[in-house]
Amino acid sequence: MTKIRYTQAVNEALHEEMERDPKTILFGEDVALAVFGDTRGLLDKFGPQRVRNTPICEATIAGMAVGAAAAGYRVIAHMLFSNFIYTGFDAIANQMAKLRLMTGGQIDLPITVLAVYGGGASQAAQHSDANHPVLMNLGGIDVLVPATPADAKGMLKTAIRSNRPSFFLEASGLGAVGGDVPDGEHLVPLGKAARPKEGSDVTLISVGSMIRATHSAAKKLAAIGVDAEIIDVRSLVPLDEKTIVASVMKTGRAVVIDEARDMCSAASQIAAVIADKGFAGLRAPVRRVTVNNSSMPYAPNAEAAIFPNADDIVRAAASICQREVA
Amino acid sequence: MTKIRYTQAVNEALHEEMERDPKTILFGEDVALAVFGDTRGLLDKFGPQRVRNTPICEATIAGMAVGAAAAGYRVIAHMLFSNFIYTGFDAIANQMAKLRLMTGGQIDLPITVLAVYGGGASQAAQHSDANHPVLMNLGGIDVLVPATPADAKGMLKTAIRSNRPSFFLEASGLGAVGGDVPDGEHLVPLGKAARPKEGSDVTLISVGSMIRATHSAAKKLAAIGVDAEIIDVRSLVPLDEKTIVASVMKTGRAVVIDEARDMCSAASQIAAVIADKGFAGLRAPVRRVTVNNSSMPYAPNAEAAIFPNADDIVRAAASICQREVA
Amino acid sequence: MATPNLTQDQSEPWASGQLAMLERMLLIRHAEARLAKTAKEVGLPGGVHLSIGQEATAVGICSQLDQDDWMTSTHRGHGHFLAKGGDVNAMFAEIWGKSTGICKGMGGSMHVADFSKGIIGANGIVGGGLAIATGAALAAQLDGQGRAAVCFFGDGAANQGVFMECLNVANIWNLPAIFVCENNGLSEFTVSSTVTAGELSNRARAFDMPVSVVDGNDVRAVAQAAQEAVARCRRGEGPSYIEATTYRIHGHLEAEDMILGGGTYRTSEEVERWRKDDRDPIARFRSCLLRDGICDETLLEGMTAHAESLVDAAVAFAEEGPPADTRLAYALMGVGEEA
Amino acid sequence: MATPNLTQDQSEPWASGQLAMLERMLLIRHAEARLAKTAKEVGLPGGVHLSIGQEATAVGICSQLDQDDWMTSTHRGHGHFLAKGGDVNAMFAEIWGKSTGICKGMGGSMHVADFSKGIIGANGIVGGGLAIATGAALAAQLDGQGRAAVCFFGDGAANQGVFMECLNVANIWNLPAIFVCENNGLSEFTVSSTVTAGELSNRARAFDMPVSVVDGNDVRAVAQAAQEAVARCRRGEGPSYIEATTYRIHGHLEAEDMILGGGTYRTSEEVERWRKDDRDPIARFRSCLLRDGICDETLLEGMTAHAESLVDAAVAFAEEGPPADTRLAYALMGVGEEA
Ligand SMILES: Cc1ncc(C[n+]2csc(CCOP(=O)(O)OP(=O)(O)O)c2C)c(N)n1
Ligand SMILES: Cc1ncc(C[n+]2csc(CCOP(=O)(O)OP(=O)(O)O)c2C)c(N)n1
Ligand SMILES: [Mg+2]
Ligand SMILES: [Mg+2]
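Model, not experiment: these values are computed from the prediction.

**Digging into the sheet that holds strand E3 (residues 51-53) of chain B**
All names here are of chain B. In spatial order, the strands read E3-E2-E4-E5-E7-E6-E12; together these 7 strands make up an open sheet with mixed pairing. One side of each edge strand has no neighbouring strand; the edge strands of this open sheet are E3 and strand E12 (235-237). On average, each strand axis in the sheet is inclined to that of its neighbour by 20°, with strand direction left out of account. Here 5 bridges tie strand E4 (residues 74-81) to strand E5 (residues 111-117), and the two strands are oriented parallel to one another. Its bridge partner lying in E5, Ile 76 is registered against Thr 112.

**Examining the coordination of the magnesium ion (ligand 4)**
Residue and element names in this part refer to chain D. Coordination of the magnesium ion (ligand 4) by the protein is provided by Asp 155 (OD), Asn 184 (OD1) and Leu 186 (O), with metal-donor distances spanning 2.1 Å. Between consecutive donors of the magnesium ion (ligand 4), the numbers of intervening residues give the motif D-x28-N-x1-L. Pair noted here: Asp 155 is in the loop between strand E3 (149-154) and helix H6 (161-172) and Leu 186 is in strand E5 (residues 186-187), with a separation of 31 residues, a long-range link. Taken as a pair, Asp 155 and Leu 186 share a single burial class, namely buried.

**Here's the deal with the packing of aromatic side chains**
A full pass over the atoms with the stated rule returns 24 aromatic pairs over all chains. Between A:Phe36 and A:Phe81, the aromatic rings sit 5.1 Å apart at their centres with planes inclined by 80°, giving edge-to-face as the arrangement. You can see A:Phe36 sitting in the loop between strand E2 (24-28) and helix H2 (42-50) and its partner A:Phe81 sitting in strand E4 (residues 74-81), a full 45 residues away along the chain. Taken together, the aromatic side chains of A:Tyr86, A:Phe89, B:Tyr86 and B:Phe89 make up a single cluster linked through ring pairs.

**A closer look at helix H3 (residues 58-70) of chain A**
Residue and element names in this part refer to chain A. Taking 1.5 Å per residue as the helical rise, H3 with its 13 residues ought to reach 18 Å, and the 18 Å between its terminal C-alpha atoms agrees with that figure. Burial analysis of H3 places 12 of its 13 residues in the buried class, which makes it a mostly covered element. Looking at H3, one finds that the buried residues are Glu 58, Thr 60, Ile 61, Ala 62, Gly 63, Met 64, Ala 65, Val 66, Gly 67, Ala 68, Ala 69 and Ala 70.

**A short note on the interface of chain B and chain A**
Facing the 50 residues of chain B at the interface are 50 residues of chain A. Approximately 4,100 Å² of surface area, both sides summed, lies buried where chain B meets chain A, with 58% of it carried by carbon and sulfur atoms. Broken down residue by residue, the surface that chain B buries against chain A is led by B:Asn137, B:Met263 and B:Cys264, which jointly contribute 17%. The interface formed by chain B and chain A holds 4 salt bridges in total. As a salt-bridge pair, A:Asp276 and B:Arg287 come within 2.4 Å of each other at their nearest N and O atoms.

**Some words on the sheet that holds strand E10 (residues 202-207) of chain A**
Backbone-to-backbone hydrogen bonds join strands into a sheet, with any given pair of strands oriented parallel or antiparallel. Residues and elements named next belong to chain A. Reading across the sheet, the 5 strands line up as E9-E11-E10-E13-E14 and stay open at both edges, with mixed pairing between neighbours. The outermost strands of the open sheet, each flanked by one partner alone, are strand E9 (194-197) and strand E14 (287-291). Here the strands of the sheet are splayed against their neighbours by 25° on average, with no regard to which way each runs. In terms of strand pairing, E9 meets strand E11 (residues 228-233) through 2 bridges, oriented antiparallel. Counted as the bridge partner of Ala 194 is Asp 232 from E11. Along the sheet, helix H8 (residues 211-223) contacts E9, E10, E11 and strand E13 (254-261); its crossing angle with E11, the most-contacted strand, is approximately 175°.

**As for the coordination of the magnesium ion (ligand 3)**
Each donor-metal-donor angle in an ideal tetrahedron of four donors is 109.5 degrees, and each such angle in an ideal octahedron of six donors is either 90 or 180 degrees. All names here are of chain C. Within the protein, Asp 155 (OD), Asn 184 (OD1) and Leu 186 (O) serve as the donor atoms for the magnesium ion (ligand 3), at 2.0 to 2.1 Å. All donors to the magnesium ion (ligand 3) come from one chain, and their sequence spacing reads D-x28-N-x1-L. Placement of the pair is Asp 155 in the loop between strand E3 (149-154) and helix H6 (161-172) and Asn 184 in the loop between strand E4 (177-183) and strand E5 (186-187), with a sequence separation of 29 residues. For the pair shown, Asp 155 and Asn 184 are each scored as buried.

**Overview of the environment of B:Ile61**
All names here are of chain B. The topology assignment puts Ile 61 in helix H3 (residues 58-70). For Ile 61, a relative accessible area of 0% gives the class buried. For the pair Ile 61 and Glu 29, spaced 32 residues apart in the sequence, the C-alpha separation amounts to 8.9 Å. Beyond its immediate sequence surroundings of up to four residues, Ile 61 is in contact with Phe 27, Glu 29, Thr 54, Pro 55, Ala 77 and Met 79.

Scoring rules and cut-offs
Positions within a chain are numbered from 1, following the residues in the order the chain's sequence is written. In the order they appear in the text, chains get letters beginning with A and ligands get numbers beginning with 1. Owing to the predicted nature of the model, reporting of local features is limited to residues with pLDDT of at least 70; listing and counting of side-chain atom pairs is limited to 80 or more, with chain, interface and lining totals taken over all residues. Based on all heavy atoms of the structure, the side-chain values leave hydrogens and waters out of the count. Note on pairing: DSSP must find at least two bridges between two strands before they are called paired. Helix and strand definitions here come from DSSP, where helices need a minimum of 4 consecutive H or I residues and strands a minimum of 2 consecutive E residues; each element is numbered from the N-terminal end. Lines fitted to C-alpha atoms define the axes, with helix axes restricted to the stretch in contact, and inter-axis angles between N-to-C directions lie between 0 and 180 degrees. Distances define the donors: N, O and S atoms within 2.8 Å of the metal qualify, as do those within 3.2 Å of Na, K or Ca. Water is excluded, so some sites may look unfinished. Think of it in three bands: with a 1.4 Å probe and only protein chains considered, a residue is buried below 20% of the maximum accessible area for its type, exposed above 50%, and partly exposed in between. What counts as a ring pair is set by centres within 6.5 Å for rings of Phe, Tyr and Trp (its six-membered ring), and what kind of pair is set by the plane angle: stacked under 30 degrees, edge-to-face over 60, tilted for all other angles. Here the expected length of a helix is defined as 1.5 Å per residue gap, with one fewer gap than residues. Residues are treated as being in contact if the distance between any of their heavy atoms lies within 4.5 Å. What gets called buried area is simply the loss in accessible area from a 1.4 Å probe that two parts show on being joined, summed for both. Note on definitions: salt bridges are taken to be side-chain nitrogens of Lys or Arg within 4 Å of carboxyl oxygens of Asp or Glu.

What follows is the structure, given as structure tokens:
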């Protein structure tokens, strides 16, 4: 085990996978100098054929990823901030998500798109979207939101080797967070949720970036006598419905925590799954802690006011555990 | 009352609203000759200044809508098929949805975007998306999916007069369907669901295009002794949670029917709302009848096999009403 | 298709190359005429966009390509598919929505693709193929085998910003890409000149791209331009732009009359002018071949009959095919059967 | 700002127009230098992108605009905002995240806007302003009041396809739009020439757009080009393209060093060259004004001190302002308080 930062974990995964398969290529805006640090050193190691700075043209970046993958390469495309995904959205939604279907399965599309998502740093509305729900709805695309350095490394490696297109979304608030990562080859399967804490009274289901607030909420809940279980839904597509439902069947209560805007969020999807498949075990309403359908305002205080935090989670959990919050 | 087709209702609304306010303008690809019939006659009546054929450039069409609206016009933009929304998605998700927030409310954006959505006609994956969920998640944009000619006319007129951006989505399967429309000025408020059928055993909550299958399912359910209530969720943003929850509190059971892919669908959102606010009255799991995360295949039999239909609804309802289906 | 030797030397290879081009043009024409007939009389699923009148562009370009070269197409893609060596039976079965279709019935008319022949596919999104072809060109460059990637697109698509983005990327990376604009003067029901500023070819020039503007109804001229562009790709000299002036004889799609409900965007005289033997690409090429003594009327009749028989066989193949697999979509989209 | 009379005639209006331009350039320079200092010493929320070294472009263009004319800006938008008449107090308060900010603290540095002055706003999306400006130009055309819509964008943004789409639409509709490319040779941490094919101005020429390429650090040259373009807008003669060559002295954003972690994309010599008096737009303009006898050193010192005092006042105004309203976002997004 070595303790490294999340960004460093991503960087290691990229280095290892590009080393492993010479048909793996990477391109995007400023990947040479690495805006987020995650692509650092790749150009030097793998050269300007396999690692390319593109012009600013997200539509073409995403479309080229499809074409190069269809023509036999394993493509990693960096889209910088997840808000810039929208600029390339036709190639993502109409081509990447659908080409395998439309061609009757003639091809695989081994594409991994990287992007940093989420708010909390006063980046204002156009640099703060947590837009995994939009990607989840497309079908045909895996959506990954690892919350720890170990998962970041292991899931990214798995995603790059996968023959399905995937979005690997790095929570902007987690980039500097450190954590232990197993030494040597470390792969984490996609589609499996993690359970960082067991508990018996309520299941706190955390999506991606929300893991820290969720851990802190669990501590606060313990103080008022609520024993919370935490599920870290690190993979949204595929979604590990089994683990989620099993936990809720055990605790009887669920709070889903997601930085996305509420409408059609991952939280809503998970709540819907629970209301269907977990109904038999449900003893209370399924609560969602999400962003109330607003984009992020710039002012730190205004952003903090609408950004989901530990207290919101505590309040939601307490409300279904018949506990009073101070 | 006059019986007209859905498309005709849309056309009437456009004529009336452009007549009403000379600052209302319309542009899009081939709006002059009206690919779907909905913009027919507008160029002749309102002239080439206010009604303009654009080049094929959805990014600019959507962006111009924002600019022209910010500069004082009431804009109607036609995007043809809802899949083409993706090509203009930056202007929608990063600009249209956010500009009012980012400017601290300096402006309104009276924009109505028209698009035809949904499958069922062998148009294949790139012309069949039911992508209202993606729009619902953006925040700041109203999303309307009227299911009858009367609602199409009344809601479109309201949407055009509204100062919020809205997407008015016409179900491709409903364009030729006829229905009574009140004579004279007919406005339908946004954010109110309709209840075309009362019932006591289960609430069938239909999103947009699914209304016909839902009605037919209700008839089939009656035959096996299930008295279904139907809610027609004609407005997704704003969503009429009250009407939905009240109905489920009464019937104790809910099936949500939506042509969208399941993940983060409107159906999931509605199911999540029920699992939260309607939990007290729930007597059974909340079922969703949606598309199982696939885009539409071309072959009519393959499309029909994955497209939600009346039998799927009947099965879902029967499963929570302890009824056997033949 | 055998790459025709374009230097007119009366030699056997030259003659057989020329005949191969005509053969392919006839196949496209007859195939599409049959699709029109079937759409009208029996009905076909979905929308059908025909390229009748534009066969010389598809065939001229593809005559210079190998099977290994990549090609992306448009919503009007049957001609490109067949010209690049796609199988007419598999194409018909696809349009009939059968599991014997080239895409197993999952794609239909707007999405015919055959990766084994470098056919990345038609595209329902106007401009959708541009960046995909550019990505394939990147792959071709990395492969280092001298492959080219051709992108067909229309004059309407040339107004999509992604077109210019791709010209830029192809140039800065010196990619073996060939951008082929089929300028038929129409974008759906809009006369392109009313929505297009400047000469399209100047857009390519602005990116320092070699440009050639040719008579798209003269298959030899198209092939000549393609030959040069392909040679540049093979030699690693980077991208080219070819603009072929042509015309579509049929409607934007076969259901056009119904959609337009009496509205018009072009005169029937204009259509008739382009149907004439002095403009029709097949008629023109036939008279060239007759004049050059490469064939005679008998041979031509035989070729026509052969094309028609291939189409008959394709219809039979399509009709006989089993229906599409109703569960395949889930498998291909990678979803479990339980929602 | 008073529209300066650009014909040098030593008359009072001419001189005062020139001084007004210098005044605005000084305000921008001092305001941004203060932002840099505050970002470094105290910290500011979010990312801060400064246009130090590019003041002549913003001021030269906006000197020719009326309050009614529309303008869209970029992520590097403080200069455009101030040049178009935006209030420096309200801008600082915005960056400080206060409810007295021009956008009530909802937008911040990358989104400063003031519709009452035609400032549609800065934009965090590279290329995001292009279609918005084109839409404003459409509105201006429909209004029939002779208004212009100016769109500032960078050489990096010129690689976004929407740029070419907008050139096309602006031309075919003859819109009163002015596309102003601030060509500073850099796109974030990439030297633009490595990702840009051909001359940018040729892209505009391809759409038959009148083009003028000017020294963007010569405010008079920029104003001259703008004057012609604005006149075309006023007369209903359609769009223009202006390319102003310039350079950004500061990093892409103030946190650049931290982000780059030792990596570099330009030499410090290059930066120093552009800092010199013979390149710096303010130093150059000052010597012109001295040479032309429009001002003397005393006046210049007074103007500089005035700019600095305005900035001091702006900081005080920003600091004093009450914090942003924490519920405003919901109200503006039109959501109820209950999720
Ligand atoms: C992104 C997108 N916008 C609009 C359409 C609708 N559409 C289909 S074909 C077409 C016209 C295309 O014109 P052109 O590129 O010249 O091709 P042609 O039909 O002339 O072969 C349009 C607007 C589409 N399919 N995709
Ligand atoms: C759509 C989009 N892609 C990428 C970025 C990240 N980004 C911010 S500024 C910038 C470079 C812009 O260069 P240019 O347009 O020349 O403006 P300059 O910074 O030189 O003023 C990039 C890539 C963004 N903000 N938006
Ligand atoms: Mg065309
Ligand atoms: Mg620049």
